[in-house]
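Chains, contacts and geometry: an overview
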Amino acid sequence: MYNRSIRGPLVEGNKTYGQISSDIMAPIDARPGMWWYLTMAIASVAALFGFYAIYMTVAKGIGTWGLNNSVGWGWEIINFVWWIGIGHAGTAFSIFLLILRQRWRTSINRAAEAMTVVAVGCAALFPALHMGRVWLAFFIFPYPNTRGPLWVNFNSPLFWDFIAISAYLLISFSFWYMGMLPDFATIRDKTTSKIKKAVYGFFSMGWTGGSHQWIRFESLSFILGGIAAVLVVSVHSIVSTDFAVGVIPGWHTTLFPPYFVVGAIFSGFAMVMTMMVVVRKVYKLNDYITDNHMDAIARILTFISLIMGTAYATEVFMAWYSGNEYEMFTFFRNRVTGEYSVQFWGMVICNAIIPQLFWFKKIRKSTWGLLLISLAINLGMWFERFNIVVTSLANDFLPSNWVSYSPTIIEIGIYVGTIGLFVVGVLLFFRYIPMIAISEVKGVLNIGSKIDD
Amino acid sequence: MSTKYKIGVFDEEKTLVASIKSLQERNLAIFDVFTPYPIHEVLHLLKRKSKLPTAGLIYGITGALSVLAFLYYTSVLDWPIDYGGKPFNSFPSFIVITIVLTILIVTITSLFTFSVRARLFPGQEAVIFDDRATDDKFIIVIDAELLGGDAANEAGRIMSESGAVEILEKDLAEKK
């Protein structure tokens, strides 16, 4: 149970219900500030760079990338896994914390879900482009076809991945949209603009807030929350099996599914923190996204960081303990020391050591502390994926195959482009959609207070 | 024509619940209650029940069995492919797809069921008794025609006694 006397109120500033609606609707009604247009412009340029890179990839083929016979997976797979990891914020926040009955999730879950939808969309771009001939991507759908009918390989983790990510995208979107119905209705009923009334009225699908709607709304979120909780674990487990079923040293390990899942939640929470630290400042939403919320996220990150550290140590230990000379080589000559030691130690420092600073209350309360550490985690998680994908492939069993890999400008372009797309998506979300779930915050306004008892 | 609906507007959850209780004590039928957020006590008092979880279970079982049947049909009956001597019906590796697709099937079918049962469609016109019900007011609606004039007046009196800040009378016949 939430103990208000220990953890403070979930919503500060003695708000009334009416104030909650107008505070959260304010960014939709107001003209966005200069910073919004400026960020939008920069992000759009980045996205255009990405479109150019995608055009070159489609027009000329994968030869425009820096991949070679040994390193067949490069930045595309690194960034795919990175984005999917960030996309775990939505499920982790909305669904995991929903079934754990953590009421403090209410003011953050909407934004986390929005981030998930955009991030998973960005992630899905990479495997599609990696197919080489994107226009034949539909071959992966298991439908009765004129090629046999030849079915896809249902035993392949790469196909599981396709299923998992499409399902994840659809489910997160449904869950997100359903949660917004009552808030769209609030905007419809409260706004003075005729256009907004019509548009949000259309999207609210006739929501009135009657008891026959609420009972089904509650049932539905219970069902979706319950079954989609499996997705928190399954999506990234499946991504990890893409690697773990390979016989490549450093990939072929049973540690991978939990290691990837925890890592995904880690990067998802870190990205939520990055975004929320900025958003609560620029939109002045400190009463809703309180210091206690940031504190709770920081505590979770500290704990997950310890798990990550344990996982890194376990990997290195097992390389030695297994007595397998190839594993020994990959970990000790290729990662801990050697050509890729920068990425390895970058990963360890950013993910396992820096977040430990959150043990200090002063850092948990400081805006810069939160922002910088969460950015460090995002960077560290990128290093982790680089470490896994490239180091194992570049120096494998046969020294004559050894090559080094560096990305081309096209590969960098696609990555920068997805970051641009992500920022554009998130900015549009903040502009047009209530960024905090209005109805849910009203429901927790008096949690643990005297009125409630 | 007489006024069709009597509407009690409340400021707080507490007075709303008290009012519902006293209306129910006198056996005055409540048409519906509109609130800005779900209040479980209200849903409980009005005896609102949803069969959505049962429907979800049925969708889930049907979904899981159909996905398994589909995988069996494609991999064993229609076009078996030998992957290094592994069995065609490689059940353990079918589980992953079955779980994920079952979740997807349950999500989509439950959403459609929700949409039908809660009457929420794109472009659906909302029947709004009071547009503050999605903002900061809690509203009890009494069907005055159904109850008859005297009973409706009594309901209005009970609502204002138990803390309603406003009692409104509205005729929504032309809107429907």
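Rules behind the numbers
- Residues numbered from 1 in each chain as written.
- Chains lettered and ligands numbered in written order.
- Predicted model: local features only at pLDDT ≥ 70, side-chain atom pairs only at ≥ 80, totals over all residues.
- Helix = DSSP H or I, 4+ residues; strand = E, 2+ residues; numbered from the N terminus.
- Rg over C-alpha atoms; globule rule 2.2 N^0.38 Å.
- Buried ≥ 20, exposed ≤ 12 C-beta atoms within 10 Å, placed from the backbone.
- Contact = placed C-beta atoms within 7 Å.
- Domains from an automatic or database assignment.
- Axes fitted to C-alpha atoms, helices over the stretch in contact; angles between N-to-C directions.
- Parallel < 35°, antiparallel > 145°, perpendicular 65-115°, else oblique.
- Left-handed = near helix turned anticlockwise from the far one by under 90°.
- Nonpolar A, V, L, I, M, F, W, Y, C, P; charged D, E, K, R; others polar.
- Pairing = 2+ DSSP bridges.
- Expected span 1.5 Å × (residues − 1).
- Core = buried A, V, L, I, M, F, W, Y, C linked by C-beta atoms within 7 Å.
- Bend = angle between axes of the 7 residues up to and from the residue.
- pLDDT = per-residue confidence, 0-100.

This brings us to the overall build of chain A. When helices and strands are counted, chain A shows 17 helices and 0 strands. Against the 2.2 N^0.38 benchmark of 22 Å for 453 residues, chain A shows a C-alpha radius of gyration of 23 Å, consistent with a compact globule. Relative to its full complement of 453 residues, chain A shows a buried share of 48%. A separation threshold of at least 6 residues defines the contact pool for chain A, and within that pool the share at least 24 residues apart is 81%.

Across its full length, chain B holds 6 helices and 4 strands. Shown N-terminal to C-terminal, the secondary structure of chain B runs as helices and strands in the order β-α-β-α-α-α-β-α-α-β. The C-alpha atoms of chain B give 25 Å as radius of gyration, which overshoots the globular expectation for 176 residues (16 Å, by more than 25%). When burial is assessed residue by residue, chain B has 35% of its 176 residues classed as buried. Considering only contacts in chain B between residues 6 or more positions apart, those separated by 24 or more positions represent 80%.

This part takes up the environment of Ile 128 of chain B. Among the structural elements, Ile 128 of chain B can be located in the loop between α4 (91-117) and β3 (138-143). Note on Ile 128 of chain B: 21 C-beta atoms within 10 Å, which makes it buried. With near-sequence residues (within four places) excluded, Ile 128 of chain B lies in contact with Asp 189 and Thr 208 of chain A.

The subject of this paragraph is the domain arrangement of chain B. Examined at the domain level, chain B breaks down into domain 1 (5-49 + 126-175) and domain 2 (52-117). When each unit is reduced to the centre of its C-alpha atoms, the spacing between domain 1 of chain B and domain 2 of chain B is 45 Å.

So, on to the packing of helix α3 (residues 34-60) of chain A against helix α16 (residues 409-432) of chain A. Residues and elements named next belong to chain A. The geometry of α3 relative to α16 is characterised by a closest axis approach of 6 Å and an angle of 140° between their N-to-C directions. Here α3 lies oblique to α16, going by the angle between them. The hand of the α3/α16 crossing is left-handed. Of the residues that constitute the contact of α3 with α16, the class distribution is 19 nonpolar, 8 polar and no charged.

Next up on the list: the sheet that holds strand β2 (residues 32-34) of chain B. Residue and element names in this part refer to chain B. The strand order across the open sheet built from 4 strands is β2-β3-β1-β4, with neighbouring strands paired in antiparallel fashion. Either end of the sheet is taken by a strand with one partner, and the two such strands are β2 and β4 (166-170). Each strand of the sheet is rotated relative to its neighbour by a mean of 20°, with strand direction disregarded. Relative to β3, β2 is paired through 3 bridges, and the arrangement is antiparallel. Of the residues in β3, the one forming a bridge with Val 33 is Ile 140.

Below, the discussion takes up unusual backbone geometry. Of note in this structure, Lys 284 of chain A is not a glycine but carries a positive phi near 50°. As for its placement among the helices and strands, Lys 284 of chain A is situated in the loop between α10 (256-282) and α11 (291-321). With a phi close to 50°, Arg 119 of chain B is a non-glycine residue in the positive phi region. Here Arg 119 of chain B is to be found in the loop between α4 and β3.

On the side of chain A, 55 residues touch chain B, which itself brings 53 residues to the contact. Of all the secondary structure elements, the ones that give two or more residues to the side of chain B that touches chain A are β2, α2 (40-45), α3 (52-78) and α4 of chain B. Sort the elements by how many residues they give to the side of chain B that touches chain A and α4 of chain B lands first, with 15 residues.

Okay, α16 of chain A next. Taking 1.5 Å per residue as the helical rise, α16 of chain A with its 24 residues ought to reach 34 Å, and the 34 Å between its terminal C-alpha atoms agrees with that figure. The elements touched by buried residues of α16 of chain A are α3, α4 (75-86), α6 (109-130) and α10 of chain A.

Counting 172 residues, the largest nonpolar core has Met 115, Phe 266, Phe 269 and Val 272 of chain A together with Val 100, Ile 103 and Ile 139 of chain B as the members making the most contacts within it. Looking at this core, the element that brings in the most residues is helix α7 (residues 157-190) of chain A, giving 16 residues. Residue assignment places this core across two domains, with domain 1 (5-49 + 126-175) and domain 2 (52-117) of chain B each supplying three or more. In this structure Val 100 of chain B touches Ile 163, Ala 164, Ala 167 and Ser 234 of chain A, once residues within four positions along its chain are discounted.

Right, let's get into the pairing of strand β1 (residues 5-10) of chain B. Residues and elements named next belong to chain B. For β1, the tally of buried residues reaches 6 of 6 residues, placing the bulk of the element in the interior. Burial along β1 is two-sided: Tyr 5, Ile 7 and Val 9 and Lys 6, Gly 8 and Phe 10, pointing in opposite directions, are all buried. In this sheet, β4 lies alongside β1 in antiparallel orientation, the contact comprising 5 bridges. Following the sheet pairing, Lys 6 is matched in β4 by Glu 169.

Another aspect to go through is helix α2 (residues 17-29) of chain A. Residue and element names in this part refer to chain A. The end-to-end C-alpha distance of α2, which contains 13 residues, comes to 18 Å, matching closely the 18 Å that a straight helix rising 1.5 Å per residue would cover. Its maximal kink placed at Asp 23, α2 deviates by approximately 25°, while the proline Pro 27 follows within four residues. Listed as buried for α2 are Tyr 17, Ile 20, Ser 21, Asp 23, Ile 24 and Pro 27.

Residues and elements named next belong to chain A. Here Thr 91 is to be found in helix α5 (residues 88-99). Classification of Thr 91 by C-beta neighbours within 10 Å gives buried; the count is 31. The sequence separation of Thr 91 and Ile 171 amounts to 80 residues, and the corresponding C-alpha distance is 9.8 Å. Not counting chain neighbours up to four residues away, the residues in contact with Thr 91 comprise Phe 96, Thr 116, Ser 172, Ala 228, Leu 231 and Val 232.

The next thing to look at is the confidence of the model for chain A. Regions with low pLDDT should not have their predicted coordinates read in detail. Residues and elements named next belong to chain A. Per-residue confidence for chain A averages 86 on the pLDDT scale, and 96% of its residues sit at or above 70. Mean pLDDT values for the elements of chain A range from 66 in helix α1 (residues 4-7) up to 93 in α3. Under a pLDDT of 50 for its full length, residues 448-453 has, in the predicted model, 7 contacts with residues more than four places off or in other chains.

Right, let's talk about the confidence of the model for chain B for a bit. All names here are of chain B. For chain B, mean pLDDT is 82; residues scoring 70 or higher make up 95% of the total. Put simply, helix α5 (residues 144-147) is where chain B has its lowest mean pLDDT, 73, and α3 is where it has its highest, 91. The complex model carries a pTM of 0.89, and its ipTM stands at 0.87.

Here we come to the packing of α6 of chain A against α10 of chain A. Residue and element names in this part refer to chain A. Put simply, α6 and α10 touch, their axes get as near as 10 Å, and they point 125° apart. One finds that α6 runs oblique with respect to α10. The two elements α6 and α10 cross, and the hand of that crossing is right-handed. Each of Ala 111, Ala 112 and Met 115 in α6 lies in contact with α10, whose residues at this interface are Met 271, Val 272, Met 275, Met 276 and Val 279. By residue class, the composition of the contact of α6 with α10 is 8 nonpolar, no polar and no charged.

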